[in-house]
Amino acid sequence: GPATGSEGGSEELHRSDGKILSGLRLCNWLDGVRTVQRRLGSLYNEMAQRVLGVAVPAESTRLECMYEAAAIFKLALSAFEAAEDASNTSLVLSNLAKVSRQCAAVPLPKVEAGPKGKSPLQHFKEAEQMCRAATEVLGRREIQPWLWNVAQMELATCQLAEGVYRLENESLACIELHVTAIAAGSDAEFCAKEKNRATAINLLMRALQTFQMVGNVAASQLAVAHYHLGHALCKSVLEGDAQGAGDSLDTSRGRRRSAKVTLPIRHLEKSLAFFTATEFPIDFIRTSLQLARLHEGVSPPSLERALAHVVSTGKAFLNLSPAEDTPSGNDASSVKFPKLAGYDVETFENLCGEVEVTVGRIVRELIRTSGSTSARGVAYKDLYRIILRGPRGDAAELGARLTQIAQKGADERLF
């Protein structure tokens, strides 16, 4: 009853500040049970938000704060349900879903037993269940369109996060799901990973569809969804999972593109509409490399298109050029490369090397297929000489070489 909710709340409320306590004093039972329950729910909701807002450096402490916030959100949920307040019940369910999604991103301690020791996939499952419950409470979308969209946006965000988790942690995801015993052999492991990837692709597609249905979605979220979906589909095509490796990308010869091949291209290219070389150079480089791998890896390959994509990264490397009169070394990376936010110097250097190797490999194959003594073969040899010269790991120098290759390729219609 109401008394239990009030007593349970007092212990928690005494930990907060004067505003929360003064709010509790406003809960006068003479105002009616539903009114008081609604006020209590609002107070609990505010308390939980404040717990989430506390900055904690340690991951274990951060996880404890999230569990504490979830417990208080559940008190708010009980209060709003008792008040028969569907709108606030839906909102708190969306808040609980957000907490579960955030818990999935925090690494678990090495030993953690009991109900708190949930795996990321368990957290994602709980989050999705709460999102669905949030929409069910509202009934039709037309009744509360804003709250319906909040719940649907959180659902799509959960699906996006779970899809990315499955792609980046294939072995862990397979073990968590108990799809099959990885130790059963290479065939069993392949089937488990294939099933996990199919699940991830399905989640990413549903997330993207929901983002598009809700509308008014941040361009960054759409770009991230397009990138990861394109990346997953690309891996399936290149590994033959989607049976698309035998389709040609060369439309100039009148060949029909397979939907299995064009789909990842379309998603990756849509992500590039946001991940521009100027604003997001690292993401632009990664996406362009993915497109180059796809064009190079299908049979027969479209080497000219692959080369065009990887060479286009030159403008991104020029945007990552170190500023003048800045110290060298990893300690100065944030000063030298202000657009490397979220990435370490090692990641950047690996991308430099990968781009150089990819350009060299594609150009060598173009020399071979064109004939080393033909006019095009000689022209490709000139491109190969350009990519060979210069030190590795120098963004400005690599960007200049790639720009030179792009210009020469355009002038001589090489790609």
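Residues numbered from 1 in each chain as written. Predicted model: local features only at pLDDT ≥ 70, side-chain atom pairs only at ≥ 80, totals over all residues. Heavy atoms only, no water.

Draft legend 1. Representation of the pattern of salt bridges within the structure. Throughout the structure, instances matching the rule amount to 17 salt bridges. Linking E354 and R293 is a salt bridge whose minimum nitrogen-to-oxygen distance equals 2.2 Å. Of this pair, E354 sits in helix α16 (residues 345–370) while R293 sits in helix α12 (residues 281–297), placing them 61 residues apart in sequence. Given the relative accessible area of 29%, E354 is considered partly exposed. Note on R293: relative accessible area 28%, which makes it partly exposed. Here R401 and E397 are joined by a salt bridge, their closest N and O atoms 2.6 Å apart. (Salt bridge = Lys/Arg side-chain N within 4 Å of Asp/Glu carboxyl O. Helix = DSSP H or I, 4+ residues; strand = E, 2+ residues; numbered from the N terminus. Buried < 20%, exposed > 50% of the residue type's maximum accessible area, 1.4 Å probe, protein only.)

Draft legend 2. Examining the packing of helix α7 (residues 145–168) against helix α10 (residues 219–238) more closely. Close contact between α7 and α10 brings their axes to 11 Å; oriented N to C, the two are set at 35°. Here α7 runs over α10; the crossing is left-handed. Counting all contacts with α7, which are made through M153, T157, L160, V164, L167 and E168, the residues of α10 involved are Q221, V224, A225, H228 and A232. Split by residue class, the contact of α7 with α10 holds 7 nonpolar, 3 polar and 1 charged. (Axes fitted to C-alpha atoms, helices over the stretch in contact; angles between N-to-C directions. Left-handed = near helix turned anticlockwise from the far one by under 90°. Contact = heavy atoms within 4.5 Å. Nonpolar A, V, L, I, M, F, W, Y, C, P; charged D, E, K, R; others polar.)

Draft legend 3. Here's a closer look at the nonpolar core. Within the largest apolar cluster, 45 residues are counted, with the highest numbers of intra-cluster contacts made by I285, L307, V310, F317, V355 and V359. Elements represented by at least two residues in this core include exactly α10, α11 (259–272), α12, α13 (303–311), α14 (314–319), α16, α17 (375–388) and α18 (395–411). Once residues lying within four places of it in the same chain are set aside, the contact partners of V355 are I285, L289, V310, T313, F317 and L402. A76, A79, L93 and A134 belong to the second-largest nonpolar core, a separate cluster that totals 32 residues. (Core = buried A, V, L, I, M, F, W, Y, C linked by side-chain atoms within 4.5 Å.)

Draft legend 4. Structural view of the confidence of the model for the protein chain. Here the protein chain averages 80 in pLDDT, and 73% of its residues register 70 or above. Averaged pLDDT values for the elements of the protein chain fall to 40 in helix α1 (residues 2–13) and rise to 96 in α13. Contacts for the low-pLDDT stretch residues 110–115, under 50 throughout, to residues beyond four places or in other chains number 3 contacts. This model gives residues 323–338 a pLDDT under 50, and the stretch forms 16 contacts once residues within four places in sequence are excluded. (pLDDT = per-residue confidence, 0-100.)

Draft legend 5. Geometry of the packing of α10 against α12. Running from N to C, α10 and α12 point in directions that differ by 25°, and their axes come no closer than 10 Å. The angle between α10 and α12 falls in the class roughly parallel. Of the two elements, α10 crosses α12, and the hand of that crossing is left-handed. For the pair formed by α10 and α12, the contact residues are Y227, H231, C234, V237 and L238 on the first element and R286, T287, Q290, R293, L294 and G297 on the second. Partitioning the contact of α10 with α12 into residue classes produces 5 nonpolar, 4 polar and 2 charged. (Parallel < 35°, antiparallel > 145°, perpendicular 65-115°, else oblique.)

Draft legend 6. Structural view of the environment of V33. With respect to the element layout, V33 can be found in helix α3 (residues 33–52). Along the chain, V33 and A83 lie 50 residues apart, while their C-alpha atoms are 7.3 Å from each other.

Draft legend 7. Spatial organisation of the packing of aromatic side chains. Applying the stated criterion across every chain, the model contains 4 aromatic pairs. Aromatic side chains F274 and F275 sit 5.5 Å apart centroid to centroid with 70° between the ring planes, which places their arrangement in the edge-to-face category. The exposure class assigned to F274 is partly exposed, which follows from its relative accessible area of 24%. Linked through ring pairs, F274, F275 and F280 together constitute an aromatic cluster. (Phe/Tyr/Trp six-rings, centres within 6.5 Å; stacked < 30°, edge-to-face > 60°.)

Draft legend 8. The arrangement of α17 in detail. Counted at 1.5 Å a residue, the expected span for α17 with its 14 residues is 20 Å, and the 20 Å between its end C-alpha atoms agrees. If you check which residues of α17 are buried, you get G377, A379, Y380, L383, I386 and I387. Summarising the axial view, the buried residues of α17 lie within an arc of 165°, below the 170-degree limit, and thus occupy one face. Within α17, the exposed residues directed more than 90 degrees away from the buried face are A375 and L388. Turning to α17, the residues buried within the fold contact α13, α16 and α18. Among the residues trailing α17, G390 stands out with phi positive, at a value near 105°. (Expected span 1.5 Å × (residues − 1). Arc of directions from axis to C-beta.)

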